[in-house]
Amino acid sequence: MQNDSEDALFPRVDALLESLRTPLPDHLERARLRNGAHLSLQQLAHALQCDPYDVEEWETGSSEPHGMQRAAYARLLSGLQAITEQPHQQPTATSSAPPPPPSQPPSRPRSRTAVTSRDTAPHPSFPRGPLAVIDQEGEGLIAHFADQTWTDTGADHLLDLVRWALNAGIGRARLHKNARNDADPLLVLAPPAIQHLGLPPALDDRNQLRLPDSHPEISRLRGAGFLLTRSGFGPWTRVYLPVENGKRSCVQLALAGWGALSDRDGWNLPDLQPGPLAALLGTYADRVITPTGSTAVCGQELMTALRPATRADYSPAAGRWVSAQNANALVGPLEPALPEAHDAHPLAKGRRPEDAMNEEAWDWNRLPSDDEAAAYAHVVGIDINLAFVAAASSLDVGLNSPPRQAASPPFDPAVPGTWLCDFSQAPHDPRLPSIFTPTACRPPDPPGMPPPHSPTPQRNSASR
């Protein structure tokens, strides 16, 4: 019996040791093979019995698979390489018979939208969707949801409304497996609902933008055990209960009549009724993140939600899972690169004006001509921020590392960063702002001077 056990046990041990030495292609090749086969992260994760974020980390080089999972991953990549490198055979004119049916029907690749966590189908824990727009109808408050349904909240006071939201099935599943919590339910209060709840139609304190702590509605909330964040009760407010048994109970409020979702916050929303507004914000929450403030705040929340500060890591010494630092987290405050620093920043002291970078593309605009206004009804502006791109995909850009200041190093197009190069005299479409000057205005040509030429750009500073 002992020999039989050894005969069965030792080959498995040898196979495990061999799997640890299984070579894998580099992380860029792994992503190329998957994309070449039109497979999603979720499809690979299902086959390998792991989390989609594990596959993403293997493709970015952040971590490596181990044990039998490594051997299975290597086998899968080898098969994908054989499939993608197969020559495409064109059907011949003489082949009249139809090809034999495959032994198993091939699985149809699904679109990225259908397989990511941002699916349009409601999450089982949040059947009402991520948010509700609250409006007054008759003598009561009606909640309009993103799926165009509505219901009576039965709330007469703000406390009633918060309690209703905590039990109404409103929320959003976390965007990353290492995130600590799901997204809180969002209630957007229309101006009629604000007045129905006994709140002022506008804030008197325009400096701090918060309701006095002595207001009856705040006293009623605190009497029931609810707390407010340090910012108090303002246009964007979080009302929460202390954590009990590891359960978080928090509601996000957006008071539209007080300036939430306004043009000042970058939302630029059309004038919509509560139902369409709920549908529009629901689409934003489904494709980006549940609104928590201005569009800039939402962008920052998105980066930290996709790259949480900590992750679960198994500690052999402790014999349990512990919280570990996430190397890819975007949480640490960093100094900006020299050209990107604000004029009041200490780094900008002594900096020449021409060395500053004006990144506010909103100021780079002009009125359209009559012909353009007649031909085009709308103008679309695209703002690309590599920090957001890095957080939302697999780029090793904008990670949590300080900028590296260097003086006149050789130009390397593979290194992301800020490169100082004078192309101010380069020809460009006169209808568009110049992208080569800090102010987007092309300077006048110096008399008798040819346009400068810089065949070898010099790097001024590295990106974050």
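The rules we used
Residues numbered from 1 in each chain as written. Predicted model: local features only at pLDDT ≥ 70, side-chain atom pairs only at ≥ 80, totals over all residues. Heavy atoms only, no water. Pairing = 2+ DSSP bridges. Helix = DSSP H or I, 4+ residues; strand = E, 2+ residues; numbered from the N terminus. Contact = heavy atoms within 4.5 Å. Axes fitted to C-alpha atoms, helices over the stretch in contact; angles between N-to-C directions. pLDDT = per-residue confidence, 0-100. Salt bridge = Lys/Arg side-chain N within 4 Å of Asp/Glu carboxyl O. Buried < 20%, exposed > 50% of the residue type's maximum accessible area, 1.4 Å probe, protein only. Core = buried A, V, L, I, M, F, W, Y, C linked by side-chain atoms within 4.5 Å. Phe/Tyr/Trp six-rings, centres within 6.5 Å; stacked < 30°, edge-to-face > 60°.

Peer 1: Sorry, what's going on with the sheet that holds strand β1 (residues 131–137) here?
Peer 2: Strands pair in a sheet through their backbones, by hydrogen bonds, and they do so in one of two ways: parallel or antiparallel. If you walk across this open sheet you meet the seven strands as β3-β2-β1-β4-β7-β6-β5, and the pairing is mixed. Strand pairing shows two members of the sheet lacking a second neighbour, β3 (150–152) and β5 (227–228), which therefore form its edges. Of the pairings in the sheet, the one linking β5 to strand β6 (residues 236–244) comprises two bridges and is antiparallel in character. What sits directly across from Leu-228, in β6, is Val-239. This element, helix α7 (residues 158–166), spans β1, β2 (140–145), β3, β4 (186–189), β6 and β7 (247–255) of the sheet and lies at about 125° to β7.

Peer 1: Teacher, can you tell me more about the confidence of the model for the protein chain here?
Peer 2: Atom-level detail of predicted coordinates should not be read off regions where pLDDT is low. Overall, the predicted model of the protein chain reaches an average pLDDT of 76, with 69% of residues at or above 70. Confidence, read as mean pLDDT per element, is least for helix α6 (residues 112–115) in the protein chain (31) and greatest for β4 (97). pLDDT under 50 marks residues 390–399. Its contacts with residues more than four places away, or in other chains, come to 24 contacts. With pLDDT under 50 throughout, residues 447–464 is counted as low confidence; its partners more than four residues away or in other chains account for 54 contacts.

Peer 1: Help me understand the pattern of salt bridges in this model?
Peer 2: When the charged atoms of two side chains lie near each other, side chains of opposite charge can form a pair. Applying the stated criterion across every chain, the model contains 12 salt bridges. Notably, a salt bridge pairs Glu-64 with Arg-70, separated by 3.7 Å at the nearest N-O pair. Exposure remark for Arg-70: the relative accessible area of 15% places this residue in the buried category. Residue Glu-217 is joined to Arg-220 by a salt bridge in which the shortest nitrogen-to-oxygen separation is 2.7 Å. Of this pair, Glu-217 and Arg-220 both sit in helix α9 (residues 216–223), three residues apart, which is roughly one turn of that helix. When salt bridges that share partners are traced, they join Arg-30, Glu-64 and Arg-70 into one network.

Peer 1: Looking at this structure, how should I read the nonpolar core?
Peer 2: Membership of the largest hydrophobic core comes to 32 residues, with the highest contact counts inside it found for Ile-134, Trp-164, Leu-187 and Phe-233. Ignoring anything within four residues of it in the chain, the contact list for Phe-233 reads Leu-158, Leu-199, Leu-209, Arg-210, Leu-211, Ile-218, Leu-221, Leu-228, Leu-253, Leu-255 and Trp-258. Judged by nonpolar contacts, the second largest core, of 18 residues, contains Leu-131, Trp-236, Trp-267 and Ala-278.

Peer 1: I keep staring at unusual backbone geometry and nothing clicks. Help me out?
Peer 2: Excluding glycine, residues mostly have negative phi values, and the peptide bonds linking residues are mostly trans. Residues other than glycine seldom take positive phi values, yet Gln-49 does so here, at roughly 55°. With respect to the helices and strands, Gln-49 occurs in the loop between α3 (41–48) and α4 (52–60). The exposed category is assigned to Gln-49, whose relative accessible area is 72%. Despite not being glycine, Asn-268 shows a phi value in the positive range, around 50°. Secondary-structure assignment places Asn-268 in the loop between β7 and α10 (274–287).

Peer 1: What is the right way to read the packing of aromatic side chains from this model?
Peer 2: Working definition: an aromatic ring pair is given by the centre-to-centre distance plus the angle between the planes. Scanning the entire structure with this criterion turns up five aromatic pairs. Consider the rings of Phe-233 and Trp-258, whose centres lie 5.9 Å apart with planes at 75°: the pair is edge-to-face. Pair noted here: Phe-233 is in the loop between β5 and β6 and Trp-258 is in the loop between β7 and α10, with a separation of 25 residues, a long-range link. Phe-233 sits in the buried class, given a relative accessible area of 0%.

Peer 1: Even after reading the chapter, I still don't get the environment of Leu-269, so can you show me in this structure?
Peer 2: Tracing the chain through its elements places Leu-269 in the loop between β7 and α10. On the basis of relative accessibility, which here comes to 22%, the residue Leu-269 falls in the partly exposed class. Here the alpha-carbon distance between Leu-269 and Leu-280, two residues 11 residues apart in the chain, equals 9.2 Å. Residues in contact with Leu-269, not counting those within four places in the same chain, are Leu-261, Asp-263, Leu-277, Leu-280 and Leu-281.

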